[in-house]
Amino acid sequence: VELDLGPGNQRVVKLVSISDVDDEGTRTVLFEVNGEQLYMPVTDNSVEREGLVREKAKGPGQVGSPMPGVVVNLKVKAGDKIKEGETVATLSAMKMETSIPATATGTVTRVVVNVGDKIEGDDLMVEIE
């Protein structure tokens, strides 16, 4: 697909591959943008996942969802340095978006959700060490 984003700003996006669904219902999509390969984890909501129970945020350095909603943006990935209060993700609930802040200063060790995931209150989103 060729995207024209304005004068002198074109992008060529090419789908390279889509992995099989893993145990958590996620596929890895490999695509190229102007020849550069990028990987993106995507939750496949068409796959039945019986008994899926998300881990709950319960300790320091664990960022949990303040309410049920859908993850619409992730600002961090594993290995990122972050300060307490910085936005780690954006959650959409009842047609409103809420920024989810880091609960501690440190390094992101795990990002447990993907964009598009439906989550419940207190579901673990990000772990910071």
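None of these values were measured; they are calculated from a predicted model. (Residues numbered from 1 in each chain as written. Predicted model: local features only at pLDDT ≥ 70, side-chain atom pairs only at ≥ 80, totals over all residues. Heavy atoms only, no water.)

**Q** Explain unusual backbone geometry to me, please; I cannot follow it from the model alone.
**A** Trans peptide bonds make up the majority, and among non-glycine residues the majority have a negative phi. For Lys95, which is not a glycine, the phi torsion comes out positive at approximately 65°. By relative accessible area, which is 86% here, Lys95 ends up exposed. We note that Asp122 has phi near 70°; this positive angle belongs to a residue other than glycine. In this structure, Asp122 sits in the loop between β11 (118–119) and β12 (124–128). With relative accessibility at 49%, the residue Asp122 sits in the partly exposed group. (Buried < 20%, exposed > 50% of the residue type's maximum accessible area, 1.4 Å probe, protein only. Helix = DSSP H or I, 4+ residues; strand = E, 2+ residues; numbered from the N terminus.)

**Q** Where do I start with the nonpolar core in this structure?
**A** As a rule of thumb, soluble globular proteins bury nonpolar side chains together. Counting 15 residues, the largest nonpolar core has Ile82, Val88, Met125 and Val126 as the members making the most contacts within it. Listing elements by their share of this core, those giving two or more residues are β8 (87–93) and β12. Excluding residues within four positions of it along the chain, Val88 makes contact with Val63, Leu74, Lys75, Val76, Ile82, Ile100, Pro101, Ala102 and Val126. (Core = buried A, V, L, I, M, F, W, Y, C linked by side-chain atoms within 4.5 Å. Contact = heavy atoms within 4.5 Å.)

**Q** Can you walk me through the environment of Ser65 in this structure?
**A** Structurally, the position occupied by Ser65 is in the loop between β5 (62–64) and β6 (69–74). Taking relative accessible area as the criterion, Ser65 reaches 1% and is therefore assigned buried. Separated by 33 residues in the primary sequence, Ser65 and Thr98 have C-alpha atoms spaced 10.0 Å apart. Not counting chain neighbours up to four residues away, the residues in contact with Ser65 comprise Leu91, Ile119, Glu120, Gly121, Asp122, Asp123 and Met125.

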